[in-house]
Amino acid sequence: MDTTDAMVTRRLGNTSLELHVFRYLTAMLSNPPCSKETMVAKICQYIVYGLMSITLSLFHEDTLGETGSLHTAVSLLMKQLPIAGDMLDRGTDEAMGTILGSALSKFPLEFSPLLELTTSLSSAGKVNLNRVVKMLEHMRYYTEHLDRNSSGSLHATGDEMVWRLARHKYPYNTESFMIKRGTVGQLFKQPAGDIIQWNTEYSAWQLFQCEISSLIDQTSNGVGYVYNDNLDRVTSIVNLLKTVISTDVQQMASVQCVLQLLPDLIEKMSTLSSPPVDLLASCLEVMSTIVTCETKDVWMKLQQTQFLPFLTENIDNLQESARGTGLSGGLVRVINSEWECVNGRYPLTLAFLKLISNSIQPLRSLKQEDSLMACLIYTLREIFPVFQKWRYYTHGCREEIGGKCLQIFHRVLSIQDVASPVTSNRPTISTVCIHSLLNTEAGRALLDILSVGVDAVNEIETDTSHLLTMIRLGFSVLNRLLLLRPPSQSLTPMEHFLSSVPSNQTQQHIIMTIAQYIYHRQDPRLPSLAILVLKRLAMIFPMSILGCFGNESLAIRDVYLSRLKSLTEEVRLKIVILEFLSVCVETQPGLIEMFLDIKQKTSADGKQDFEIGEDSCLSIVLESINERRQRTVRCPPDLVRAIVEFIHALWAGQRLTAMTVLHQKETFWPCILKPLMSGIPPMSEDSSDFILTSDTLTCAFIFKILAEELYNINSSKLDVNIKKCLQSFAKEGRTSYWSAYVKDCLVRESTTDLSAKHQQHLADNPCLQLTIAWKNFLIVLASLKGEGLPISNETKSHILEDILISLQQLVDNGDDPIHQRLVSILSALYFTLIRQWNRCIKSWKKTMQCLESVLHKTCANSETLLPSIQIGLAASLTVGVQCIRKGQTPDFSADQLSLFMPIVCDVLQQSTYQLPHPGNTHTNLEAKLKLQETCICLLQELIEGSHDPDKWLPSLQQHMLVPLFLGSLQQWMKAKQGVSYVHSILQLFLTLAKDPKSAEVLSAAGFTHHTCLQLESLYQSDQLFNSGIKSQKNGRQGHRTEVTWFSVYRLTIDVYTSLLKSLKFSFIQDALNFSGVHQKRIEMCLRTVKVAPSIQCLSEAECTCQFLMQLSHFKRDWRLHLQDNMNTILVLMCDVVQTCVAYMIRPRVLNIMLDKGAITNAKQNLDDTILSRTSPVSRLQHQTSSDDLEAISEVTNEAQQKLLQILSCTISALRQFSPDLCEVILDQNMDLSEFEPFLAVGFSTPSLEGDLPLSFGCLISCVNMCIRMLNKSEPRGTSPLKSPAFQVMVDKQTLQFVLESSLHLILSQSVRYIRDGSLSPRDKQFLKRELAAELTSCLSGLQRFLRKGGPLSPASGFKSPQTAGLNRSTSQTAFSSSQDQAFFKIVADFVTQVLR
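Residues numbered from 1 in each chain as written. Predicted model: local features only at pLDDT ≥ 70, side-chain atom pairs only at ≥ 80, totals over all residues. Heavy atoms only, no water.

## Considerations on the overall build of the protein
And step 1. Within the protein one finds 64 helices and eleven strands.
And step 2. Taken over 1396 residues, the protein has a buried fraction of 53%.
And step 3. Of all intrachain contacts in the protein linking residues separated by at least 6 positions in sequence, the fraction that spans at least 24 positions is 73%.
And step 4. Accessible area of the protein: about 63300 Å², with a carbon and sulfur share of 50%. (Helix = DSSP H or I, 4+ residues; strand = E, 2+ residues; numbered from the N terminus. Buried < 20%, exposed > 50% of the residue type's maximum accessible area, 1.4 Å probe, protein only. Contact = heavy atoms within 4.5 Å. Areas by Shrake-Rupley, 256 points an atom, 1.4 Å probe, with all protein chains shown as cover.)

Given below as structure tokens:
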């Protein structure tokens, strides 16, 4: 370089230094756009790096003027990964490396330059960080002022510039850091004083440790002994440490010696009257980084310092937490209020918030999250509500504080799962956060953040602004808060503010402010989050969002639709808009109508029709879901799913106008059904973490739409387009395809490790949604029986097989909640389908074995039974057993049914043991009782199907089911709960009581002991004729079976009757005990037949009379033990016979009593006054006659049948108290005193008035009534057009039994009177004369009936009129001697030979 060039270069260099060129470069690198992570910034940084490298290669740093700006500029460049790597590769002898080399040689004399440079290098990636850490561990020079060494500690060498240590040197008054004796040092002459550079190897981290320890020792002597130089050095050390740990937390082991001093440093520094806020903030930031690794240790040390907020007393409720009871803010609050708020800088508060935010999840994993309670309450009370009122020195600090607070709240709220709410009585950090945000000023601060508005956000040029981040976090917190709000709680202040109408109409509602974020276009996440909040508000609050929009509603709608229609818009935003509209279909009718914009038009023929408006979302939806656009960039699978979900919402919400206009579009159904027709791409076998795609959810919603359409619209009225699509669907075998696909999904789901999967809520699981939709679709198809979508028997069989395979796979693999839910759905679906499609099953043997295996595994895999699963399986087995009993299963015989007894008994044993006590409130009680009922029904079907008790009785005894059921029966009867469950147990007992072996087991188990006294409580406190509970329903429009406690009482009597019939004398004592305990009830029941012949009363009287009929066979034992009881009941049975005959011969009276309900409100405690002669029946007697009704009602016919049954039982019982006819006629030595006559000698027609005794006339009327009803029951040769509207339906065999029993009783009692010596001859003659006349008349009517071809005897069966007509020539005046007419011939002979 010549002299001229050198002079020009010197002049330019001096001018640059005078203009502070390095300050300019520093400012440029520190501010946008050069400070961003953009391509422009990188180009600028590389240019400056080249310029600096050239400059430092040509000039020494000491000649470049102010070195501080130079070092700062170099530090900014070293933060970039490529630049830092290149500089370290080139070494410290050239280019920018000379700056680092100079700093290394002058350390620790010049402390800050090296730490500034190494801090920047440490942030440039882990590789460069490792090189920096190793460089600091092996320092080569220790530079200090010469005067820090005494003359005695130095030895001269041959060179006057080189000196040697005479003894060990301890720079920090501690033996942990030492410069060894004999170390050589180089002397440098400086104007400010000579310095010496010791050539020794040491670790800078040990030096840092000594520096921090020295500062801690200084604070122990007081604030006046703390030097600012030491304070600055320690601050630089902590900043370096913060960078090292934040870049790579694995470097903790290398710097552990320094980290362990930070808690003591925080404790000492925070107690100073002028605390170093920046140093404390840096220390907290370091602790916030390492807390993720050493959570327990770090948190324990920080709590010991009393630096953080703490509680002085326990918090027992949420109100105390909102008031801050027992809260001490610690030194953090002192420093914040006395220093940060005064200076307008908040580094310590920001570091504190970062520490709390980073500690939430680690403490959660240790189950110690409640240790954050004090810090959270402090944040909710003293930072978040007031941070916007603080003064700030730095731009953006306010938004940064708000964002960090919201980040804490969001992480706290994310701890609590929606599916498993908190059950503890003590407040947790999540419940405290929810309560405070909903009820305190913290909630107001959150709404203030959201109320900033879109205008303020749009003024921001960058999408990385703290304001934008804060608002996004605010929306996330609000959405999570509304999701976790207590459902039973009344409106909180925040909820009231969100859902109330503003008092000032000119004031913009916050809902409107939230909706206007749709105008923000720089960051699509912000409007997406705002729409999610609107969606949540629409779901939970009964408010009109349209009313909150006011006059801006149309403008907002247009923006929503424009962004939904835009081809360049973010797909996620479109999805959120469609999800919001889907929710509005159900909850916001006005808003959805505005978006649908359906116009009404008049066609040319004058008919009213509908069409899609210009501003309708339906046109955009139809355009987006076009067949050619699906699964393309313009309409990806996620968007297709959202569109189909919106359409499903229209169908589910029955938006008829929208459905109508969509039906009119020819392309609608082909577009909707395309995913079902094309199918889903095959699943990847390589993926171990199988997650169903949005295509699966799309198909799930389509199946739901089809189910709604087919269920609500008659197949004959289906749209032509959907019919074509369904025909194509069936023709291409898509039903079988989707059945197989659902099976594959379920099988894959069963083998998936859910612990490694993304944890999601059950309702969001795609496989679950597809299964539910498939279930709805199949149930609708089964109910339609092939209408709309024909299904072949082969396809039905495949569907049932696929469901069984899926059930097996799910049961075999895991018992987590999602698997349990899927098994529950499939078991219920299988039960529904097998009821309709049982004839399509190919192999019943395989099916029954599979169901039995699945049921066994569900019981063995879980300690607690899951009723929702076992109910469907047991019900399916019940259907199978019923089909087997009907002979519909050629490959499975009824003899094999006993194979299922062990598993059914095992399930019943487990479920009975796990059944809650009746007094406990259990959320799953109804399902557990339903499981009991279903399994008992299955057990009863198995017992009835297996005729041999030796096959099924051992299983009952092995599992101790009978004693178990008896104990449970007594508990639930005592509590008067679970009436259907009790009824099902008694139905099973009734089945067992019919077989002598099982009846003996039931009796030996103590049936009487458990039920006899307990049964009394069923009718003591309630009304006699309670309306009951309609607990079962058969068919969609079928009748309901009424199960009440009184039907339980009647069923119990039936069990006693069957036991007495089966066991005879072995059970007579129990039967007599039952009769004695319930004597009053039995008497009242028999008396009530006369005054209240309701269906319920007659049903109870029927079962009571059946019991008395069986008991009458043991009249001697009855008389021996309960003579008074027997005499009373005998009189009442006579009254019942007279009452029944009176009602049967006067159907008009019976009809009036039933229709008018004369005494339907009678109480249980009926006394004799109700049964007196002033009975309301007397008031009806004069208005009616014994004439038959032209057409009786169904209720009257049912009452007549029950009266006939009662009559048959009572007459049969009375026969036991009357002498045998053959014996009394033939045996002249018979003891007649044993049989007291109970028929009065009278021949009047029975009446409902008064208390007249049972007479011969009553039984004669009964015989005539039977003959008359038999005549009416015979089919007549009349035209169907002339047949009566309602034909009397009676049991002919019962009529004939009553006829013959009445005649038998008449004959027996008449002979008893004739042979009675105490009766006068005149009375005997009167009896013979009248009885002969009456019987002759009866026999004449009976002969006329027989000549017409009527049936002859209950034992003879029924003959057709043509066959019977052939016998007319046998005898026209007398009965034949055939077996059918033998008894009636005896009656005729009795009349001619005994009575005449």
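## Comments concerning the confidence of the model for the protein
The predicted structure's coordinates, where accompanied by low pLDDT, should not be read in detail.
And step 1. Within the protein, residue pLDDT values average 84, and 88% of them lie at 70 or more.
And step 2. Below pLDDT 50 for its whole length, residues 1158-1186 participates in 49 contacts with residues either more than four positions away or in separate chains.
And step 3. Note that residues 1355-1373 has pLDDT below 50 and, in this model, 19 contacts with residues that lie over four places away or in other chains. (pLDDT = per-residue confidence, 0-100.)

## Focus on the packing of helix α20 (residues 429-439) against helix α23 (residues 466-484)
And step 1. Two numbers describe how α20 lies on α23: the axes approach to 10 Å, and their chain directions differ by 105°. Considering the angle they form, α20 stands roughly perpendicular to α23. Counted together, I434, L437 and L438 of α20 and V477, L481 and L484 of α23 form the full contact between these two elements.
And step 2. Of the residues that constitute the contact of α20 with α23, the class distribution is six nonpolar, no polar and no charged. (Axes fitted to C-alpha atoms, helices over the stretch in contact; angles between N-to-C directions. Parallel < 35°, antiparallel > 145°, perpendicular 65-115°, else oblique. Nonpolar A, V, L, I, M, F, W, Y, C, P; charged D, E, K, R; others polar.)

## What to know about the packing of aromatic side chains
And step 1. Evaluated as defined, the whole model comprises 39 aromatic pairs.
And step 2. A ring pair is formed by Y346 and Y392, whose centres lie 5.0 Å apart and whose planes are at 50°; its orientation type is tilted. Within this pair, whereas Y346 is found in the loop between α16 (330-343) and α17 (347-365), its partner Y392 is found in the loop between α18 (373-383) and α19 (397-415), the two being separated by 46 residues in sequence. The exposure classification of Y346 matches that of Y392, with both residues buried.
And step 3. With a centroid separation of 6.4 Å and 45° between ring planes, the pair formed by Y560 and F580 is classed as tilted. Taken together, the residues span a long stretch of sequence, with Y560 in helix α28 (residues 553-565) and F580 in helix α29 (residues 571-587) at a distance of 20 residues. Comparing Y560 with F580 shows no difference in burial state: the two are buried.
And step 4. Across the ring face of F497, the terminal group of R444 is positioned such that the distance to the ring centre comes to 4.7 Å.
And step 5. One Lys or Arg, R734, reaches over the ring of Y737 and ends 4.1 Å from the middle of that ring. (Phe/Tyr/Trp six-rings, centres within 6.5 Å; stacked < 30°, edge-to-face > 60°. Lys NZ or Arg CZ within 6 Å of the ring centre and 35° of its normal.)

## Brief notes about the pattern of salt bridges
Side chains carrying opposite charge are able to pair once their charged atoms draw close together.
And step 1. Within this structure, the stated rule accounts for 38 salt bridges.
And step 2. With a closest N to O distance of 3.3 Å, K242 and E285 form a salt bridge. Of this pair, K242 sits in helix α10 (residues 228-247) while E285 sits in helix α13 (residues 277-290), placing them 43 residues apart in sequence.
And step 3. The residue E382 makes a salt bridge to R333 at a minimum N-O spacing of 2.5 Å. Residue E382 is located in helix α18, and its partner R333 is located in helix α16; the two are separated by 49 residues in the primary sequence.
And step 4. When its relative accessible area of 22% is taken as the criterion, E382 is described as partly exposed.
And step 5. What you see here is one network of salt bridges that share partners, running through K535, E579, R641 and E645. (Salt bridge = Lys/Arg side-chain N within 4 Å of Asp/Glu carboxyl O.)

## Re helix α50 (residues 1045-1063)
And step 1. Taking 1.5 Å as the rise per residue, α50 with 19 residues should run 27 Å; its terminal C-alpha atoms sit 27 Å apart, in good agreement.
And step 2. Most of α50 is tucked away, with 17 of its 19 residues classed as buried.
And step 3. Capping the start of α50 is the job of one residue whose side-chain oxygen sits 3.2 Å from the backbone nitrogen of F1046: T1044.
And step 4. With its phi angle positive at about 55°, K1064 sits one or two positions after the end of α50. (Expected span 1.5 Å × (residues − 1). Polar contact = N/O pair within 3.5 Å; in protein donor to acceptor, adjacent residues only side chain to side chain.)

## A word on a nonpolar patch on the surface
And step 1. Residues M39, I43 and I47 make up a contiguous nonpolar surface patch of about 330 Å² in total accessible area.
And step 2. Along the chain, the position of I43 falls in helix α3 (residues 39-58).
And step 3. By relative accessible area, I43 is classed as partly exposed at 44%. (Patch = residues over 30% accessible without salt bridge, like charges linked within 9 Å, V, L, I, M, F, W, Y side chains within 5 Å.)

## A short note on the nonpolar core
And step 1. F208, L265, I401, F409 and F989 are the most contacted members of the largest nonpolar core, which has 444 residues in total.
And step 2. By residue number, the principal contributor to this core is helix α55 (residues 1123-1145), which donates 14 residues.
And step 3. Those residues in contact with F989 that lie beyond four places of it in its chain are V962, F965, L966, L969, L1002, F1007 and V1055. (Core = buried A, V, L, I, M, F, W, Y, C linked by side-chain atoms within 4.5 Å.)

## Observations concerning unusual backbone geometry
And step 1. Following F107, the chain continues to P108 via a peptide bond in cis, the omega torsion being 5°.
And step 2. By secondary structure assignment, the location of P108 is in the loop between α6 (97-105) and α7 (111-122).

## Side note on the sheet that holds strand β1 (residues 139-145)
And step 1. As summarised here, the arrangement of the five strands in space is β1-β5-β4-β3-β2, forming an open sheet in which the pairing is antiparallel. Two strands close off the open sheet at either side, each with one partner strand: β1 and β2 (154-156). Between one strand axis and the next, the sheet turns through 35° on average, direction left out of account.
And step 2. As paired strands, β1 and strand β5 (residues 195-202) are joined by six bridges and run antiparallel to one another. The partner of Y142 across the bridge, within β5, is W198. (Pairing = 2+ DSSP bridges.)

## Description of the pairing of strand β3 (residues 162-165)
And step 1. Pairing between β2 and β3: three bridges, direction antiparallel. The residue bridging H155 from the neighbouring strand is R164, located in β3.
And step 2. A loop of five residues connects β2 with β3, the two strands running antiparallel in sequence.
And step 3. When β3 meets strand β4 (residues 184-188), the two strands line up antiparallel, connected through three bridges. Its bridge partner being in β4, V162 is matched across the sheet by Q186.

## Focus: the state of the cysteines
And step 1. All told, the structure shown has zero disulfides when counted by the stated rule.
And step 2. For C1338, which is in no disulfide, the shortest distance to another cysteine sulfur is to C1262 and amounts to 10.0 Å. (Disulfide = S-S within 2.5 Å.)

## Let's talk about the side chain of S616
And step 1. Structurally, S616 is set in the loop between β9 (608-612) and α31 (617-624).
And step 2. For S616, the side chain forms a polar contact with the main-chain nitrogen of L618, separated by 3.1 Å.
And step 3. In this structure, S616 is in contact with L561, F595, L596 and D597, ignoring residues within four places of it in sequence.

## As for the environment of Q250
And step 1. Summarising the element assignment, Q250 is placed in the loop between α10 and α11 (256-259).
And step 2. Residues Q250 and K126 lie 124 residues apart in sequence; the distance between their C-alpha atoms is 9.9 Å.

## Overview of the packing of α55 against helix α60 (residues 1256-1273)
And step 1. For the pair α55 and α60, the least separation of the axes is 10 Å and the interaxial angle reads 40°. Taken as axis vectors, α55 and α60 run oblique relative to one another. Crossing angle aside, the handedness with which α55 passes α60 is left-handed. Of α60, the residues touching α55 (which contributes V1137, Q1138, V1141, M1144 and I1145) are C1258, L1259, S1261, C1262, M1265, R1268 and M1269.
And step 2. Classifying every residue of the contact of α55 with α60 gives nine nonpolar, two polar and one charged. (Left-handed = near helix turned anticlockwise from the far one by under 90°.)

## Quick notes on α29
And step 1. The first and last C-alpha atoms of α29 sit 25 Å apart over 17 residues, in line with the 24 Å expected at 1.5 Å per residue.
And step 2. Burial runs high along α29: 13 of the 17 residues are buried.

## Here we look at the environment of D895
And step 1. Structurally, D895 can be placed in the loop between α42 (867-885) and α43 (901-913).
And step 2. A relative accessible area of 56% means that D895 is categorised as exposed.

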